[in-house]
Amino acid sequence: MVCNYRFCKQIISTYKNGNRRYCDQECYELEKRERSKENYGALKELLKEIKCTESIFRNFYNHYGDQPLNPNILKAEKINWALVTSFKEIEGQNVRFVGSYGYSRLENNYIKLYKL
Ligand SMILES: [Zn+2]
């Protein structure tokens, strides 16, 4: 068995406890700290992507308002369509929001933008 702390990786003697994953409490704490740093980094990346996507929708909203958009107009933008921070039903439409701007897909596949 090898210590799970990424910068340690020492062989753990198994005679004390066969299931141990760290040399000691310190290695355990240090690995925990590394993981929370990683989580923080991932969170920062996600927030950046939300802000970026929101600003794309903001620009289009400021330009076109709520008139239905041909989806081809948005094709050039690298929009992560899986990204959503909230849902809201507006005028019978299921609107997906990213930050303060949202969109719904109309029957003809056109996209209508909304502002919270
Ligand atoms: Zn260790």
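Conventions we followed
- Residues numbered from 1 in each chain as written.
- Predicted model: local features only at pLDDT ≥ 70, side-chain atom pairs only at ≥ 80, totals over all residues.
- Helix = DSSP H or I, 4+ residues; strand = E, 2+ residues; numbered from the N terminus.
- Rg over C-alpha atoms; globule rule 2.2 N^0.38 Å.
- Pairing = 2+ DSSP bridges.
- Core = buried A, V, L, I, M, F, W, Y, C linked by C-beta atoms within 7 Å.
- Buried ≥ 20, exposed ≤ 12 C-beta atoms within 10 Å, placed from the backbone.
- Contact = placed C-beta atoms within 7 Å.
- Axes fitted to C-alpha atoms, helices over the stretch in contact; angles between N-to-C directions.

Participant: Pulling in residues and values, what's your account of the overall build of the protein?
Facilitator: Looking only at helices and strands, the protein features two helices and four strands. If you list the helices and strands of the protein from N to C, you get α-α-β-β-β-β. Relative to the globule expectation of 13 Å for 116 residues, the C-alpha radius of gyration of the protein, 23 Å, shows a markedly less compact shape.

Participant: Now, about the pairing of strand β3 (residues 101–105): what can you tell me, with residues and values included?
Facilitator: In this sheet, β3 lies alongside strand β2 (residues 93–98) in antiparallel orientation, the contact comprising three bridges. Note that in β3 the partner of phenylalanine 97 across the bridge is glycine 102. The antiparallel hairpin formed by β2 and β3 contains two residues in its connecting segment, where glycine 99 sits at a positive phi of about 65°. With five bridges connecting them, β3 and strand β4 (residues 111–115) associate as antiparallel partners. Residue pairing in the sheet places serine 104 in a bridge with lysine 112 of β4. Where β3 folds back on β4, the antiparallel hairpin that results is connected by five residues, among which asparagine 109 adopts a positive phi of roughly 75°.

Participant: Give me the lowdown on the nonpolar core, citing residues and values where you can.
Facilitator: One broad trend across soluble globular proteins is that nonpolar side chains are buried collectively. Formed by Phe57, Val95, Val98, Tyr101, Tyr103 and Leu113, the largest nonpolar core amounts to six residues. Going through the elements one at a time, β2 and β3 are the ones with two or more residues in this core. In this view, tyrosine 101 contacts Glu54, Phe57, Arg58, Tyr61, Leu113, Tyr114 and Lys115; residues no more than four positions away in its chain are not counted.

Participant: Requested: an account of the sheet that holds β3, with residues and values cited.
Facilitator: Strand order in the open sheet formed by four strands is β1-β2-β3-β4, with antiparallel pairing between adjacent strands. Every other strand in the sheet has two partners, leaving β1 (86–90) and β4 as the edge strands with one partner each. Across the sheet, the axes of successive neighbouring strands diverge by a mean angle of 30°, strand direction being ignored.

Participant: Give me the lowdown on the environment of isoleucine 111, citing residues and values where you can.
Facilitator: With respect to the helices and strands, isoleucine 111 occurs in strand β4. For isoleucine 111 and aspartate 66, which are 45 residues apart along the polypeptide, the C-alpha to C-alpha distance reads 9.0 Å.

Participant: A description of the pairing of β2 should follow, citing residues and the corresponding values.
Facilitator: When β1 meets β2, the two strands line up antiparallel, connected through five bridges. Note that in β2 the partner of isoleucine 90 across the bridge is glutamine 93. The antiparallel pairing of β1 with β2 creates a hairpin that spans two residues between the two strands, and glutamate 91 there sits at a positive phi of about 45°.

On their own, these measurements won't tell you what the molecule is for.
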